[in-house]
Amino acid sequence: MKSRIHPVYAEMERTVFDRMSALAREHGAINLGQGFPDGPPPPALIEAAARALQEKSSQYPPGAGLAELREAICAYYARRQGLALAPEQVTVTSGATEALAAAVSALVQPGDEVILFQPAYDAYAPTVRRAGGVPVSIPLSPPHFRYTAEALAAAITPATRLLMFNDPLNPAGTVASHAELETIARACVEHDLVAVCDEVWEDVRFDGVAHRSLAAVPGMAERTVKIGSAGKIFGLTGWKIGWMIAQGELATALQRAHQFLTYATAVPLQWAVAEGLALPDAVLADQRAEWNAARERLRNGLAAAGFVVLPNAATWFLNVDLGASGISLCDSEFSERAVAEAGVATVPVSALYQGEAAPRHLVRFCFTKPAEVLDEAVFRLARFRERLLG
Ligand code: PMP
Ligand code: GLN
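A quick note: this is a predicted structure, and the numbers were derived from the prediction, not measured.

## Quick look at helix H13 (residues 331–342)
Since one α-helical turn is 3.6 residues long, residues separated by three or four positions face the same way.
Part 1: Listed in full, the buried residues belonging to H13 are Asp-331, Phe-334, Ser-335, Ala-338, Val-339 and Ala-342. Seen end-on, H13 carries its buried residues on one side only, within an arc spanning 120°.
Part 2: Residues of H13 that are buried sit in contact with helix H2 (16–27), strand S11 (344–345), strand S12 (347–348), strand S13 (362–366) and helix H14 (371–389).
Part 3: Phi turns positive one or two residues past the end of H13, at Gly-343, with a value near 75°.

Next comes the structure, spelled out in structure tokens:
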């Protein structure tokens, strides 16, 4: 008998992030798993949200988002990335996760092949499968996670329609070079592919380099869906305000998909994000400086405790190489045991790969936590490592 449940959901597990956060609660562990900052968000945004609740309408905003927010998003990208965007191209969504779902349901038809680089945010593959698409993986290799023309050429077939590209890359914390962006753009133009660009980490960079969007590479603007999230820019993951930007018929299709996913998203928070995006760059710079100090603290602490940490230029995450740190457990075993025995939750990087290509020696740590929390986590992890090494 045919199952009542769609096979994508019948076979799906709870996400690694939710699972590790639940285990952290169960064991009273320090949660360096799911990515979120513990520190307070910029006060101006909290004040703006409170003011919006008091003073503005709480009824449905326009489905595509408040005009003020769509304008603020365009002004923000003009200022920070030199992009010339129009508000009609922007759809405000309930986080980047909704934008990804809307883009895939608008653009993927049954049988279409969709290139997914691995590791990837774990929503990509099931969302593509639910739309009838066929995920085609290009595994990226640690520690540099580089994109090559050869790997793209080997993966693209006449059935390829779409490519999903996350830059900066979670969980790696790496950033694509200009040459890599051009390689990807050439493949998209040559094979007439649309690129869904998940750029949620665009403003969480520590290399001092301004983010360059794939949409800014010549030939790409008309074939790109650029996705962003206030959750990452301001460290407000629970607000779930995101957006997607595209031109012409792509933008229209995205808006149609969005209207029957959620129609609209929390209006007081839209007002607040509009104000936030217009704040002086110094506000974001201060927040980034705090995150960078936390990054240095965890990196140095882990290194002093004998853990080998991979290079990282962006995101809230550092990755440890277990094998190089003298630990013979695979990443999932390490994460399961560390939360229970050391009281520190982490994310096994293999959970963000599909299938066999997964490296089994990398564990991700979220560093956007207060200094004393990071110090205690390092202390616990150091003891745990010593016990494992016997
Ligand atoms: N894409 C990537 C690469 C992410 O890391 C995340 C969140 N960690 C998202 C999308 C989802 O963003 P949001 O919370 O805005 O839905
Ligand atoms: N992608 C986030 C992370 O890397 C988590 C998102 C979620 O839990 N939905 O931690």
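Structure shown, so let's carry the discussion forward.
## With respect to the site of ligand 2
Part 1: Residues in contact with ligand 2, as listed here, are Phe-17, Gln-34, Gly-35, Tyr-121, Asn-170, Phe-317 and Arg-364.
Part 2: A distance of 2.7 Å separates an oxygen atom of ligand 2 from a polar side-chain atom of Arg-364.
Part 3: Its free accessible area being 300 Å², ligand 2 has 81% of it covered by the protein chains.

## Looking at the site of ligand 1
Part 1: In the vicinity of ligand 1, the contacting residues are Gly-95, Ala-96, Thr-97, Tyr-121, Asn-166, Asn-170, Asp-198, Val-200, Trp-201, Ser-229, Lys-232 and Lys-240.
Part 2: Between ligand 1 and the protein, one listed contact pairs an oxygen atom with a side-chain N or O atom of Thr-97 at 2.6 Å.
Part 3: Side-chain polar atom of Trp-201 to an oxygen atom of ligand 1: 3.0 Å apart, as the coordinates give it.
Part 4: For ligand 1, the protein covers 92% of the area, taking 400 Å² as the surface of the free molecule.
Part 5: Sort the elements by how many residues they give to the shell around ligand 1 and helix H5 (residues 95–107) lands first, with three residues.
Part 6: Here the shell around ligand 1 is composed, by residue class, of four nonpolar, five polar and three charged.

## With respect to the pairing of S13
Part 1: Most of S13 sits inside the fold, with five of its five residues counted as buried.
Part 2: Pairing analysis gives five bridges linking strand S10 (residues 317–321) to S13, with the strands arranged antiparallel. Pairing of Val-320 across the sheet is with Val-363, part of S13.
Part 3: One ladder, built from two bridges, connects S12 with S13; its direction is antiparallel. Looking at the pairing, Val-347 lines up with Arg-364 of S13.

## Section: the pattern of salt bridges
Part 1: Enumeration according to the criterion identifies 19 salt bridges in this entry.
Part 2: Arg-297 is the salt-bridge partner of Asp-375, the closest N and O atoms lying 2.8 Å from each other. Of this pair, Asp-375 sits in helix H14 while Arg-297 sits in helix H12 (residues 281–304), and the two are 78 residues apart along the sequence.
Part 3: Each of Arg-79, Arg-80, Asp-203, Asp-281 and Arg-288 takes part in one network of salt bridges that share partners.

## Details of the packing of aromatic side chains
Part 1: Applying the stated criterion to the full structure yields twelve aromatic pairs.
Part 2: Seen from their ring centres, Phe-17 and Tyr-121 are 6.5 Å apart, and the 35° between their planes marks the pair as tilted. Separated by 104 residues along the polypeptide, Phe-17 in helix H2 and Tyr-121 in the loop between strand S3 (113–118) and helix H6 (124–130) bring together distant segments of the chain.
Part 3: For the pair Phe-117 and Phe-165, a centre-to-centre distance of 6.2 Å together with 70° between the ring planes defines the contact as edge-to-face. Residue Phe-117 is found in strand S3, and its partner Phe-165 is found in strand S5 (residues 160–166); the two are separated by 48 residues along the sequence. For the pair Phe-117 and Phe-165, one class covers both residues: buried.
Part 4: Through a chain of ring-to-ring contacts, three or more aromatic side chains come together here, namely Trp-201, Trp-291, Trp-316 and Phe-317.
Part 5: The residue whose ring lies beneath Lys-369 is Phe-36, and the NZ or CZ to ring-centre distance is 3.7 Å.
Part 6: Over the face of the ring belonging to Phe-307 we find Arg-385, whose NZ or CZ atom lies 5.9 Å from the ring centre.

How each quantity is defined
- Within any chain, residue numbers begin from 1 and follow the written order of that chain's sequence.
- Chain labels run from A onward and ligand labels from 1 onward, assigned in the order the entries are written.
- Under the rules for a predicted model, residues below a pLDDT of 70 receive no local features and side-chain atom pairs below 80 are neither given nor counted, while totals for whole chains, interfaces and linings still include all residues.
- Each side-chain value is derived from all of the structure's non-hydrogen atoms; neither hydrogens nor water enter the calculation.
- Throughout this description, buried means an accessible area under 20% of the type-specific maximum (1.4 Å probe, protein chains only), exposed means over 50%, and partly exposed covers the range between.
- The way it works is that DSSP assigns letters per residue, a run of H or I at least four long becomes a helix, a run of E at least two long becomes a strand, and they are numbered from the N terminus.
- The arc in question is traced by the directions running from the helix axis to the C-beta atoms.
- Throughout, a residue-residue contact means that at least one pair of heavy atoms, one from each residue, lies within 4.5 Å.
- Any residue with a heavy atom positioned within 4 Å of a molecule or strand is treated as near that molecule or strand.
- Contacts described as polar in this section are N or O atom pairs within 3.5 Å, which, within protein, must combine one atom able to donate a hydrogen with one able to accept it, while residues neighboring in sequence count only if both atoms come from side chains.
- Only the protein chains shown count as cover for residues, with accessible areas throughout obtained via the Shrake-Rupley method and a probe of 1.4 Å.
- Three residue categories are used. Nonpolar comprises Ala, Val, Leu, Ile, Met, Phe, Trp, Tyr, Cys and Pro, charged comprises Asp, Glu, Lys and Arg, and polar comprises the others, including Gly.
- Here the rule is simple: two strands pair whenever DSSP picks up at least two bridges between them.
- Salt bridges are identified by distance alone: a Lys or Arg side-chain nitrogen within 4 Å of an Asp or Glu carboxyl oxygen.
- Aromatic pairs are defined between Phe, Tyr and Trp rings, using the six-membered ring for Trp, whenever the two ring centres lie within 6.5 Å; interplanar angles under 30 degrees are classed as stacked, those over 60 as edge-to-face, and all others as tilted.
- Charges are assigned to positions over rings by a cutoff of 6 Å between ring centre and Lys NZ or Arg CZ, combined with an angular limit of 35 degrees from the ring normal.

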